[in-house]
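Fold and contact review
Listed below are the residues making up each chain.
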Amino acid sequence: MAKKVQPLDETVLTYKFKYFKDLTTYFDKAKLVAEFAIANRTKNSSRFVSHIGLPSVISNQILRHFNRDLKCKVVKNANLLVPGQEIKYDQNMGLVYIRSLKLTVKADFKLLNYTFIKINSAEIKKDFIYIQVSVKNQTTVSSDAFLGIDRNATNHIAVCANGRTGKILKLGAKAPHVSKGYKKHRAKIQRNGKYSHLKKIEKRQSDINRDINHKISRNVVDYAKQNNLNIKLEDLKGIRQNKKTASKQNKNLNHVIHSWSFFQLQQFIVYKARLLGVKVFFVDPFMTSQTCSKCGSLGTRTKKEFKCYSCQHSDNPDVNAAFNIANAKIKKVGYIW
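Position numbers for residues count from 1 along each chain, tracking the sequence in the order it is written. Only residues with pLDDT of 70 or above have their local features reported here, since the model is predicted, and side-chain atom pairs are shown and tallied only from 80 upward, although totals for entire chains, interfaces and linings are computed over all residues. As a rule here, side-chain values cover all heavy atoms of the structure and leave hydrogens and water aside.

Quick look at helix α2 (residues 56-68)
Threshold: Numbered from the N terminus, helices here are DSSP runs of H or I no shorter than four residues, and strands are runs of E no shorter than two. Take the residue count of a helix, subtract one, and multiply by 1.5 Å to get its expected span. Exposure categories follow from relative accessible area, calculated using a 1.4 Å probe and restricted to protein chains: below 20% of the type maximum is buried, above 50% is exposed, and the middle band is partly exposed. What makes two residues a contact is simply this: any of their non-hydrogen atoms within 4.5 Å.
Taking 1.5 Å per residue, 13 residues should reach 18 Å; α2 reaches 18 Å between its end C-alpha atoms and fits that length. The complete set of buried residues in α2 reads Ile58, Ser59, Asn60, Ile62, Leu63, Phe66 and Asn67. Where the residues of α2 are buried, they touch α1 (24-39) and β2 (80-83).

Spelled out as structure tokens, the structure:
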């Protein structure tokens, strides 16, 4: 079956809402369906689990999900997966109805910052429902100016350079302190042998990182939109896997990638930019940190300063790199327009 292609003028977003109905019985049945799926991976029709009593439209989704998840061997719990055709949305009342579960959820998509198109699916967990919707992207504005973004793990997470005006935007100053603090905390837990607490700490740090990345990406994209700029990012794909190549290009680059969830930040920037009609491009990261943004000659970089001995230009090393990224040749687009 051919993969469904998402229209270029639409973006899929997921929204979280609270619900107030006891669905314990349905969750118990969903777990039984999931266990059947793992034990019988070729049987993906609801007729094989009709005796369990879960609505067939939900059983089908759970069977397909766990049939494809070949790594899953034991089911601890199973969420309720609901396809879009099973969900009715009353736009006037701002209510979502799931008929097979007799569940009503307050979810007014008219209040969104984007134009609502349709509901695609929903995933129901304990106390919360996650509804996936398609929204309309804003029209792309043509621009020949760029916002270069240098990503770091030791100072500001994102240093942005406006190639048109020369203005600098620094974001995520507290992020390195978060990473450093949690690294020490994890080490202390491991020394004390309290491994059961380690996953909780890692989950907490992951949530904080995600929140910081959301805020950084929102500021980046809003600034680009307000100033009619395209966005340029370094293409870091493959560097994490190829440590030898990374060390030749930049001794600190592989450490930087491992120290912060930069791929997540990149994803957030790309999808938010697409929503607002801002184009994203990628450039080669090679030598962006060691090249002078004024004359293009090679210079020296320390933690606190970049110095060019050809034109005597000196600058903050991250700022210098951000301007190099803003002026670099485009390697590929962030997504198809």
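Description of the packing of helix α3 (residues 175-191) against helix α4 (residues 198-226)
Each packed pair of helices is defined by two parameters, the angle between the axes and the distance between the axes. Stated precisely, the cut-off is as follows: Axis lines are fitted to C-alpha atoms, over the contacting stretch for helices. Their N-to-C directions set the angle, which ranges from 0 to 180 degrees. Roughly parallel means an angle under 35 degrees; roughly antiparallel, over 145; roughly perpendicular, 65 to 115; everything else is oblique. For this classification, the nonpolar set comprises Ala, Val, Leu, Ile, Met, Phe, Trp, Tyr, Cys and Pro, the charged set comprises Asp, Glu, Lys and Arg, and every other residue, Gly included, is treated as polar.
Running from N to C, α3 and α4 point in directions that differ by 175°, and their axes come no closer than 10 Å. With respect to α4, the axis of α3 lies roughly antiparallel. Listed contacts from α4 to Ala175, Val178, Ser179, Tyr182, His185, Arg186, Ile189 and Gln190 of α3 are Leu198, Ile201, Glu202, Arg204, Gln205, Ile208, Asn209 and Ile212. By residue class, the composition of the contact of α3 with α4 is 8 nonpolar, 5 polar and 3 charged.

Observations concerning the nonpolar core
Rules: Working definition of a nonpolar core: buried Ala, Val, Leu, Ile, Met, Phe, Trp, Tyr and Cys residues. They are joined through side-chain atoms within 4.5 Å.
Ranked by size, the top nonpolar core spans 76 residues in total, and within it Phe109, Ile124, Ile131 and Ile231 carry the most contacts. Tallying contributions element by element places α4 first for this core, with 8 residues. Sequence-distant contacts of isoleucine 124, that is, excluding residues within four places in its chain, are made with Tyr19, Leu23, Phe27, Asn79, Leu80, Val82, Ile98, Leu101, Leu103 and Ile129. In terms of nonpolar packing, the next biggest core, distinct from the first, is built from 5 residues, Ala161, Val319, Ala322 and Phe323 among them.

Focus: the side chain of glutamate 86
Selection criterion: When charges are counted, Lys and Arg contribute as positive and Asp and Glu as negative, whereas His and the chain ends are disregarded. Between Lys or Arg on one side and Asp or Glu on the other, a salt bridge is scored when a side-chain nitrogen of the former is within 4 Å of a carboxyl oxygen of the latter. We call two N or O atoms a polar contact when they sit within 3.5 Å, provided that within protein one can donate a hydrogen and the other can accept it, with sequence-adjacent residues counted only if both atoms are side-chain atoms.
When you line up the elements, glutamate 86 lands in the loop between β2 and β3 (87-90). Nearest to the buried, unbridged glutamate 86 among oppositely charged side chains is arginine 99, at 4.3 Å. A polar contact of 2.8 Å, which involves the side chain of glutamate 86, links it to the backbone nitrogen of serine 100. Excluding residues that lie within four positions of it along the chain, glutamate 86 makes contacts with Val57, Tyr97, Ile98, Arg99 and Ser100.

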